[in-house]
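# Chains, contacts and geometry: an overview
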Amino acid sequence: MRGRKDREGVDCELIINYVKEYRGEMKKVGTRKLHYLLQRQLEISGIKCGRDKLFSLLRREGLLIRRKRARRYTTTCSQPVAKFFPNLIKDITINDPEVVWASDTTALAVRDGLGYLTLTTDVYSKQIMGYNVQRTRQSSGSLMTLRMALNKRKYPERQLIHHSDGGGEYFNHLYLQELVKAHVKISCTAPSSPQENAVAERINGILKQEFLLVEDHRSFEDILKKLPEVIRIYNER
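Now for a description of the structure that goes with this document. As the structure is a prediction and not an experimental result, all values here were calculated from the model.

Thresholds, definitions, all that
- Residues numbered from 1 in each chain as written.
- Predicted model: local features only at pLDDT ≥ 70, side-chain atom pairs only at ≥ 80, totals over all residues.
- Heavy atoms only, no water.
- 1 Å grid on protein atoms, 1.4 Å probe; cavity = no way out; pocket = protein on both sides within 12 Å on 5 of 7 lines; lining within 4 Å.
- Points joined across faces, edges and corners; volume = space filled by probe spheres on them.
- Helix = DSSP H or I, 4+ residues; strand = E, 2+ residues; numbered from the N terminus.
- Nonpolar A, V, L, I, M, F, W, Y, C, P; charged D, E, K, R; others polar.
- Salt bridge = Lys/Arg side-chain N within 4 Å of Asp/Glu carboxyl O.
- Buried < 20%, exposed > 50% of the residue type's maximum accessible area, 1.4 Å probe, protein only.

### Overview of empty space enclosed by the protein
Overall, the coordinates contain 1 cavity of 30 Å³ or more when judged by the stated rule. Around the largest cavity, the lining residues are T105, Y116, T118, N132, Q134, T136, R137, Q138, G141, S142 and E169. Where the lining of the largest cavity is concerned, the elements lending two or more residues are β2 (113-122), β3 (128-134) and α4 (139-151). By residue class, the composition of the lining of the largest cavity is 1 nonpolar, 8 polar and 2 charged.

See the structure below:
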């Protein structure tokens, strides 16, 4: 009986060490994601730990993440031109990368005001293909994000759809010209329908809440320096 308890104690200590290792890179990663990430290590170590057990263990150790309610900022200002581009991805099945990219811009509350994060994400693989953060919400940020993503394409022969929420930065002349030049189809959500751009909104939320906005006194410069490493960790982990 004692040997069994001792083994359980060792197992719990190992699990906590694994959790702290992941939290070293991803400070706000939640328990459900940790349970998924830990599977390989637990299997190698011969440890059985279900999700409920992991929740109980982290609760006991004071390691559960308490989510702060995110402040919401309105960042989408749909342009009249957007009405000419219907939602092309509403009823399609996506089975490969570089078939649909979703783009979104979100506000970041920093110590001395706001910053604006723009991401272009591959809807199938959930890989972030392009990114940019700026002090102001200018179209140059979305354009640089798009160009970065296009330069990373591995399957240029595939017909690609670019999907966004109708924000003005995605429908200025230079941005549309870049898409046309790359033979990319243009898709847009219906007005006031953010759920039609759910992947982009979700990935933006993950980066904000689990990586970028974890310190109370973050500055824009902190986020600017941190962003490339954050993208690497997200894409690789």
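### Regarding the pattern of salt bridges
One pass over the structure, following the stated rule, counts 6 salt bridges. The residue E98 makes a salt bridge to R153 at a minimum N-O spacing of 2.9 Å. On the criterion of sequence distance, the pair formed by E98 in the loop between α3 (51-60) and β1 (100-110) and R153 in the loop between α4 and β4 (161-164) is long-range, its members being 55 residues apart. The class for E98 is buried, based on a relative accessible area of 3%. A residue is classified by how much of its surface remains accessible, and R153, at 16% relative accessible area, is buried. Between R135 and E221 there is a salt bridge, with its nearest N and O atoms 3.8 Å apart. Of the two residues, R135 sits in the loop between β3 and α4 while E221 sits in helix α7 (residues 220-236), which places them 86 residues apart along the sequence. One salt-bridge network, held together by shared partners, links R147, E178 and K181.

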